[in-house]
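Coordinates in review
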Protein chains: 4
Amino acid sequence: MENVITFKQMHVVSTSLGECTAELRVGLEHTNPTGTLHGGLASTLMDTVSILSYMTTSNGTIGQTIDLKLSFLKAAKVDDDILIIGRTVKTTKTLAFLEADIVNKNTGDVLVRGSEILHIVKQYHVV
Amino acid sequence: MENVITFKQMHVVSTSLGECTAELRVGLEHTNPTGTLHGGLASTLMDTVSILSYMTTSNGTIGQTIDLKLSFLKAAKVDDDILIIGRTVKTTKTLAFLEADIVNKNTGDVLVRGSEILHIVKQYHVV
Amino acid sequence: MENVITFKQMHVVSTSLGECTAELRVGLEHTNPTGTLHGGLASTLMDTVSILSYMTTSNGTIGQTIDLKLSFLKAAKVDDDILIIGRTVKTTKTLAFLEADIVNKNTGDVLVRGSEILHIVKQYHVV
Amino acid sequence: MENVITFKQMHVVSTSLGECTAELRVGLEHTNPTGTLHGGLASTLMDTVSILSYMTTSNGTIGQTIDLKLSFLKAAKVDDDILIIGRTVKTTKTLAFLEADIVNKNTGDVLVRGSEILHIVKQYHVV
C-alpha cells in the first residue's frame, strides 16, 4: 500500500444542474498490489464527484454520506484515463440520493457503479 | 478537499486467523469540509483492513474487491483514535465475504459498518 | 402484514438479450402498514426480473443471488401500475452483475433502483 | 416461481428493547428453482423483522425503508428452521439504522446478513 495518495491530477471537466464529471489518469500510486485501481480510492472518487453533483443543486446546504455502495465491474489500470460521472438522482428535505459511474474514457466501458445517500445538513457555511 | 492523504499513521495492532485490527489517529488531512472522517477514506481503510484479514487465511491467494458497502453511523473527528476491525466471514472457492467496523477507540462507539465481497485470484504471487 | 402475497398479476411484457421488463398493478396485499409497496416485495420483484434478464443470456446456466441492494426513491401506492426493468450489466465466468429499476408506468418516475450479483451455477438443468 | 407465498408459519419468538427474533420453517413455496430460500423472500423477512425491532423503540413512530442490502452467505433449504434476528443499531431524529441476520437454528450458521436504513415518519398512527 502506498503511503501517499494524490488527487492533483483529478480535475472537473464539466458540470450541469445535478451532474458533475471529473477526469483522472490512473497512476501507480492509485493502484493496489494487483496493479489495478484501488477499491477504496474508487470510493473516494465516487463519493467526491457525486457530492460535487449535489452541490450544483444544493443552495448552500451540504450533506454527510450515510451510505455508500460500489460494484466493481472491470479493472482500471495504470495510465488509463478514467471519467468519474456523478449524478444527483433525487433530493428530499433531509436526504439526497446520488450515483456515480467510473468509465474508461477511451473504451467507454463502465468500470465502477456506485450509489450513495447523503443526509443533508442545513444552513451549512463553508469557511 | 486535501490533495494529499497519508496513511503513515495507520498501523496494524493485532491479527489472528481471519481477523485484522488497525489503528489510526484522525488527522485534518483525513476529513471532509464538515470536519469529519471522509467517507471515501473510510472506504479505503475498511477495504484495506478487511483484505488484510483475508490474507491471514488465504494461502497466498489474493482477491479483487467486486462489491463494497458502508453505513456511516457516527462521525469521527480530528484527533479521534479509531480502530478498523476487519473480519473474513466466509470463503468459498471463488469468493470471500468480508466485514469491517470502524470504532472509536475510547468510547467504543461503532462509527462505520462495512461489508465487502472479494473475487479470489488464484496463484497470485506478490512481487 | 398480509399473510398471503400473490404475483398472479405480474407478467413479463418484453424481453431482449440481457433485458427483461415485467408489469404489476400494486394491490393492497403488496403494501406495508403505511400503504406503500413493501420493501421486501420490491426486492422480490427486482430479484426475479433481473434474474430473468440474465436467463436471456445464460445458455442454460443459472445463478444464485449472493448480494442484493435497493434504494427506495419514491413510494408506489395501491392501484399504481409499475414496471420492473431488469438488465444484465456484465457477466464473467463465475459472476453476473444485474440491475433493475422499478418505475411508475404512467409518470415515468423511478421508484426503486436495485443492483445484484449472481454466482453462476454451471450446467444447471431446470426440471 | 410460486404464485403464492405465505408467512403463516413465521412467528416472533422473542423481543427486547431494539431487538426482535422470529422463526420460520422453510417451505417449498419459499424457495427458488434451485431449491433454496428465495433472495427476495429473504429480503422480506429481513425487512419485516428489522422493522419490528425498530418498533420496540419507536414511541409510535414508524419508518419507511430507504435502503436495503443483503449478503447471502449460505443457502437455506426446504425444512430448515431459520431464525431471523433483527436489531436497531442506531436511531437519529430522522433515520434508523437496522440489521438482521438469518441463521440456521440447528447449526447456528449465518445464512444471510442484511442492513437497512429507515426514514422515520413522525406521528404515525396505525389504524
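The structure displayed is predicted, hence computed values, not measured ones.

1. Considerations on the side chain of serine 43 of chain D
- In this structure, serine 43 of chain D sits in helix α1 (residues 39-55).
- The exposure class of serine 43 of chain D is buried, given its relative accessible area of 0%.
- Once residues lying within four places of it in the same chain are set aside, the contact partners of serine 43 of chain D are Gly40, Ser43 and Leu68 of chain C together with Leu68 and Leu70 of chain D.

2. Re the pairing of strand β4 (residues 62-72) of chain B
- Burial of β4 of chain B is extensive: 10 of the 11 residues sit out of reach of the surface.
- Relative to β4 of chain B, strand β4 (residues 62-72) of chain A runs antiparallel, the two being bridged by five bridges. Among the inter-strand pairings, serine 71 of chain A is bridged to a residue of β4 of chain B, identified as aspartate 67 of chain B.
- With 10 bridges connecting them, β4 of chain B and strand β7 (residues 110-121) of chain B associate as antiparallel partners.

3. Here's the deal with the pattern of salt bridges
- Evaluated as defined, the whole model comprises 32 salt bridges over all chains.
- One salt bridge in this structure joins aspartate 101 of chain D and arginine 113 of chain D, with 3.3 Å as the shortest N-O distance. Of this pair, aspartate 101 of chain D sits in strand β6 (residues 95-104) while arginine 113 of chain D sits in strand β7 (residues 110-121); the two residues are 12 residues apart in sequence, bridging distant segments of the chain.
- Overall, aspartate 101 of chain D belongs to the buried group, its relative accessible area being 10%.
- According to the relative accessible area criterion, arginine 113 of chain D is partly exposed, its value standing at 25%.
- A network of salt bridges, in which partner residues are shared, links Arg87, Glu99, Asp101 and Arg113 of chain A together with Arg87, Glu99, Asp101 and Arg113 of chain C.

4. Observations concerning the packing of helix α1 (residues 39-55) of chain A against helix α1 (residues 39-55) of chain B
- With their axes 7 Å apart at the nearest point, α1 of chain A and α1 of chain B run at an angle of 165 degrees to one another. Of the possible angle classes, the one that applies to α1 of chain A and α1 of chain B is roughly antiparallel. Handedness of the α1 of chain A/α1 of chain B crossing: right-handed. Along its contact with α1 of chain A, which presents Gly39, Gly40, Leu41, Ser43, Thr44 and Asp47 of chain A, the element α1 of chain B presents Gly39, Gly40, Leu41, Ser43, Thr44 and Asp47 of chain B.
- When the residues that make up the contact of α1 of chain A with α1 of chain B are grouped by side-chain class, the tally is two nonpolar, eight polar and two charged.

5. Some thoughts on unusual backbone geometry
Residue and element names in this part refer to chain A.
- In this structure, asparagine 59 is a non-glycine residue whose phi angle is positive, near 50 degrees.
- Following the sequence through the fold, asparagine 59 ends up in the loop between α1 and β4.
- When its relative accessible area of 79% is taken as the criterion, asparagine 59 is described as exposed.

6. Things to note about the sheet that holds strand β3 (residues 19-25) of chain D
- The 12 strands are arranged β2(C)-β3(C)-β5(C)-β6(C)-β7(C)-β4(C)-β4(D)-β7(D)-β6(D)-β5(D)-β3(D)-β2(D) in an open sheet whose pairing can be described as antiparallel. Each of the sheet's edge strands pairs with one partner strand only, and the pair in question is β2 (11-16) of chain C together with β2 (11-16) of chain D. Each strand of the sheet is rotated relative to its neighbour by a mean of 20 degrees, with strand direction disregarded.
- Lying on the sheet, helix α1 (residues 39-55) of chain C is in contact with β2, β3 (19-25), β4 (62-72), β5 (81-91), β6 (95-104) and β7 (110-121) of chain C together with β4 (62-72) of chain D; it crosses β4 of chain C at an angle near 135 degrees.
- Lying on the sheet, α1 of chain D is in contact with β4 of chain C together with β2, β3, β4, β5 (81-91), β6 and β7 of chain D; it crosses β4 of chain D at an angle near 135 degrees.

7. So, the environment of threonine 36 of chain C
- Counting through the fold element by element, threonine 36 of chain C comes out in the loop between β3 and α1.
- With relative accessibility at 8%, the residue threonine 36 of chain C sits in the buried group.
- Considering only alpha carbons, one finds threonine 36 of chain C and leucine 98 of chain C, 62 residues apart in sequence, at a separation of 25 Å.
- Filtering out sequence-adjacent residues up to four positions away, threonine 36 of chain C remains in contact with His30, Thr31, Ala75, Ala76 and Lys77 of chain C together with Gln64 of chain D.

8. Some thoughts on α1 of chain C
- End to end, α1 of chain C covers 24 Å across 17 residues, agreeing with the expected 24 Å (1.5 Å per residue, within 8%).
- Where burial is concerned, most of α1 of chain C is hidden: 15 out of the 17 residues are buried.

9. Let's talk about the sheet that holds strand β3 (residues 19-25) of chain B
- Taking strand neighbours across the sheet as the criterion, the 12 strands line up as β2(A)-β3(A)-β5(A)-β6(A)-β7(A)-β4(A)-β4(B)-β7(B)-β6(B)-β5(B)-β3(B)-β2(B) in an open arrangement whose pairing is antiparallel. Two strands close off the open sheet at either side, each with one partner strand: β2 (11-16) of chain A together with β2 (11-16) of chain B. Between one strand and the next, the sheet's axes are offset by a mean angle of 20 degrees, whatever the strand orientation.
- Across the sheet, α1 of chain A touches β2, β3 (19-25), β4, β5 (81-91), β6 (95-104) and β7 (110-121) of chain A together with β4 of chain B, and the angle it forms with β4 of chain A is around 135 degrees.
- In this fold α1 of chain B packs onto β4 of chain A together with β2, β3, β4, β5 (81-91), β6 (95-104) and β7 of chain B, with an angle of close to 135 degrees to the strand it touches most, β4 of chain B.

10. Here's the deal with the environment of arginine 87 of chain D
Residues and elements named next belong to chain D.
- Relative to the assigned elements, arginine 87 resides in strand β5.
- Between the C-alpha atoms of arginine 87 and serine 115, which are 28 residues apart in sequence, the distance is 9.4 Å.
- If we ignore the near neighbours within four places in the chain, the residues touching arginine 87 are Gly18, Glu19, Ser53, Phe97, Leu98, Glu99 and Asp101.

11. Some details on the pairing of β5 of chain B
Residues and elements named next belong to chain B.
- Bridge count for β3 against β5 is seven bridges, and the pairing is antiparallel. Counted as the bridge partner of arginine 25 is aspartate 81 from β5.
- Relative to β6, β5 runs antiparallel, the two sharing nine bridges. Looking at β6, one finds that lysine 90 is bridged to phenylalanine 97.
- Hairpin geometry of β5 and β6 is characterised by an intervening segment of three residues between the two adjacent antiparallel strands.

Thresholds, definitions, all that
- Residues numbered from 1 in each chain as written.
- Chains lettered and ligands numbered in written order.
- Predicted model: local features only at pLDDT ≥ 70, side-chain atom pairs only at ≥ 80, totals over all residues.
- Heavy atoms only, no water.
- Helix = DSSP H or I, 4+ residues; strand = E, 2+ residues; numbered from the N terminus.
- Buried < 20%, exposed > 50% of the residue type's maximum accessible area, 1.4 Å probe, protein only.
- Contact = heavy atoms within 4.5 Å.
- Pairing = 2+ DSSP bridges.
- Salt bridge = Lys/Arg side-chain N within 4 Å of Asp/Glu carboxyl O.
- Axes fitted to C-alpha atoms, helices over the stretch in contact; angles between N-to-C directions.
- Parallel < 35°, antiparallel > 145°, perpendicular 65-115°, else oblique.
- Left-handed = near helix turned anticlockwise from the far one by under 90°.
- Nonpolar A, V, L, I, M, F, W, Y, C, P; charged D, E, K, R; others polar.
- Expected span 1.5 Å × (residues − 1).

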